[in-house]
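What follows is each chain in one-letter form.
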Amino acid sequence: MGDNIHYVSAGEWSSHELLIHLLNQTGPADVFISTWSFTETAARMIVDKIKDGTIKNISLILDWRVKVRTPEVLEFLNFNIASIRLTQCHAKTTAIINKKWALAVVGSANYTNNPRIEAGVLSADRDLAKFHKDWITDCINKLNPFEFGKHETK
């Protein structure tokens, strides 16, 4: 806890693979994700982790155009995940939280298989993970997460 790890990938792995790797380290946790794009591979890997109990609760914010770009993925996610909000979203964040761990991942990668260079930061910081959890939760609940000072971190 307390460390920040900056990373860069030339497409050797994807956000959903990073999520699964981190969950293997943390154990069962609540997960909060915002992303612009989602593929079937990522959706199936995440739903498998919901079914095996690794992901206890999950909340997703997806860009509204997912219903145009990948409607079958959105249908699959809606069938398996109750807490989804479509909105204008380009943020790529993930928070993983349980009693022992609180991780925040902020980077350029979507939940897709992507051969491009992607970069980001993994923060093992409870305040940062809570910050991302809180604005994602507010957005899903149609509250205004963008009020000045609402979600400050230390």
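Computed from a predicted model, the values in this text were never measured in an experiment.

1. Looking at the packing of helix α2 (residues 40-51) against helix α4 (residues 71-80)
Alright, step 1. Contact geometry for α2 and α4: axes closest at 10 Å, N-to-C directions at 10°. What the angle tells us is that α2 and α4 run roughly parallel. Along the contact surface, α2 presents Glu40, Ala43, Arg44, Val47 and Lys51, while α4 presents Val73, Phe76, Leu77 and Asn80.
Alright, step 2. Looking at the contact of α2 with α4, its residues break down into 5 nonpolar, 1 polar and 3 charged.

2. What to know about the packing of helix α1 (residues 15-26) against α2
Alright, step 1. The geometry of α1 relative to α2 is characterised by a closest axis approach of 9 Å and an angle of 20° between their N-to-C directions. Judged by the angle between their axes, α1 and α2 are roughly parallel. Handedness of the α1/α2 crossing: left-handed. Along the contact surface, α1 presents His16, Glu17, Leu19, Ile20 and Asn24, while α2 presents Thr41, Ala42, Met45, Ile46 and Lys49.

3. Description of unusual backbone geometry
Alright, step 1. At Lys142, a position not held by glycine, the phi torsion is positive, near 60°.
Alright, step 2. Tracing the backbone through its elements, the reader meets Lys142 in the segment after α5 (126-140).
Alright, step 3. Accessibility expressed as a relative area gives 65% for Lys142, which makes it exposed.

4. Section: the side chain of Asn98
Alright, step 1. For Asn98, the location among the structural elements is in the loop between β5 (93-97) and β6 (102-107).
Alright, step 2. For Asn98, a relative accessible area of 12% corresponds to the buried category.
Alright, step 3. A polar side-chain atom of Asn98 sits 3.1 Å from the main-chain carbonyl oxygen of Pro28.
Alright, step 4. The contact partners of Asn98, leaving out residues within four places of it in the chain, are Thr26, Gly27, Pro28, Ala29 and Arg126.

5. Some points on the packing of aromatic side chains
Alright, step 1. Taken as a whole, this structure holds 2 aromatic pairs when the rule is applied.
Alright, step 2. Judged by centre distance (5.4 Å) and plane angle (50°), the rings of Tyr7 and Trp13 are tilted.
Alright, step 3. Residue Trp13 is classed as partly exposed on the basis of its relative accessible area, which comes to 32%.
Alright, step 4. Ring geometry for Phe38 against Tyr111: centres 5.4 Å apart, planes inclined by 10°, an arrangement best described as stacked. Taken as a pair, Phe38 in the loop between β2 (29-35) and α2 and Tyr111 in the loop between β6 and β7 (118-123) lie far apart in primary sequence, 73 residues in all. Across the pair, Tyr111 and Phe38 agree in class, each one buried.
Alright, step 5. The cationic tip of Arg65 hangs over the ring face of Trp64; the distance from NZ or CZ to the ring centre is 5.6 Å.
Alright, step 6. The residue whose ring lies beneath Arg69 is Trp36, and the NZ or CZ to ring-centre distance is 3.9 Å.

6. Overview of the nonpolar core
Alright, step 1. Counting residues in hydrophobic clusters, the biggest one holds 28 residues, and the most contacted among them are Phe38, Leu60 and Leu77.
Alright, step 2. One finds Ile97, Ala104, Cys139 and Ile140 within the second-largest nonpolar core, a separate group that totals 12 residues.

7. Description of α5
The periodicity of an α-helix, 3.6 residues per turn, causes residues three or four positions apart to be oriented the same way.
Alright, step 1. With 15 residues, α5 ought to run about 21 Å at 1.5 Å a step, and its terminal C-alpha atoms sit 21 Å apart, in line with that.
Alright, step 2. Each element contacted by the buried residues of α5 is listed here: β2, β3 (55-63), β4 (83-87), β5 and β6.
Alright, step 3. Two residues or fewer past α5, Lys142 is found with a positive phi of approximately 60°.

8. Describing the pattern of salt bridges
Oppositely charged side chains are able to pair whenever their charged atoms sit close together.
Alright, step 1. For the structure shown, the criterion picks out 5 salt bridges.
Alright, step 2. With a closest N to O distance of 3.5 Å, Asp52 and Lys49 form a salt bridge.
Alright, step 3. With a relative accessible area of 47%, Asp52 lands in the partly exposed category.
Alright, step 4. The salt bridge involving Asp134 is made with Lys133; its shortest N-O contact spans 3.4 Å.
Alright, step 5. Accessibility expressed as a relative area gives 15% for Asp134, which makes it buried.

Each value, and the rule that gives it
- Every residue gets a number counted from 1 within its own chain, in the order that chain's sequence is written.
- Local features in this predicted model are restricted to residues of pLDDT 70 or higher, and side-chain atom pairs are both shown and tallied only at a pLDDT of 80 or more, whereas totals for entire chains, interfaces and linings draw on every residue.
- The basis for every side-chain value is the complete set of non-hydrogen atoms in the structure, without hydrogens or water.
- For helices, the fitted line uses only the C-alpha atoms of the stretch in contact; every axis is such a line through C-alpha atoms, and the angle between N-to-C directions lies from 0 to 180 degrees.
- Working definition: helices are DSSP H or I runs of at least four residues, strands are E runs of at least two. Numbering for both runs from the N terminus.
- Should an angle lie under 35 degrees it is considered roughly parallel, over 145 roughly antiparallel, and from 65 to 115 roughly perpendicular; all remaining angles are considered oblique.
- In what follows, residue pairs with any heavy atoms lying within 4.5 Å of each other are defined as contacts.
- Note on residue categories: nonpolar means Ala, Val, Leu, Ile, Met, Phe, Trp, Tyr, Cys or Pro, charged means Asp, Glu, Lys or Arg, and polar means any other residue, Gly included.
- Here a crossing is called left-handed whenever its near helix is offset anticlockwise from the far helix by less than a right angle, and right-handed whenever the offset is clockwise.
- Buried means the residue's accessible area, taken with a 1.4 Å probe over protein chains only, is under 20% of the maximum for its type, while exposed means over 50%, and partly exposed covers the values in between.
- We define a polar contact as two N or O atoms separated by no more than 3.5 Å, with the added condition that, inside protein, one atom must be a possible hydrogen donor and the other a possible acceptor, whereas residues neighbouring each other in sequence contribute only through side-chain atom pairs.
- Two rings from Phe, Tyr or Trp (for Trp, the six-membered ring) form a pair when their centres are within 6.5 Å of each other. A pair whose planes differ by under 30 degrees is stacked, one over 60 is edge-to-face, and the rest are tilted.
- Note on geometry: a ring has a charge over it if NZ (lysine) or CZ (arginine) is within 6 Å of the ring centre and within 35 degrees of the ring normal.
- The definition of a nonpolar core used throughout is a set of buried Ala, Val, Leu, Ile, Met, Phe, Trp, Tyr and Cys residues joined through side-chain atoms within 4.5 Å.
- One less than the number of residues in a helix, times 1.5 Å, gives the span that helix is expected to have.
- Only one rule defines a salt bridge in this text: a Lys or Arg side-chain nitrogen within 4 Å of an Asp or Glu carboxyl oxygen.

Honestly, that's just the spatial picture; any functional story needs more than this.
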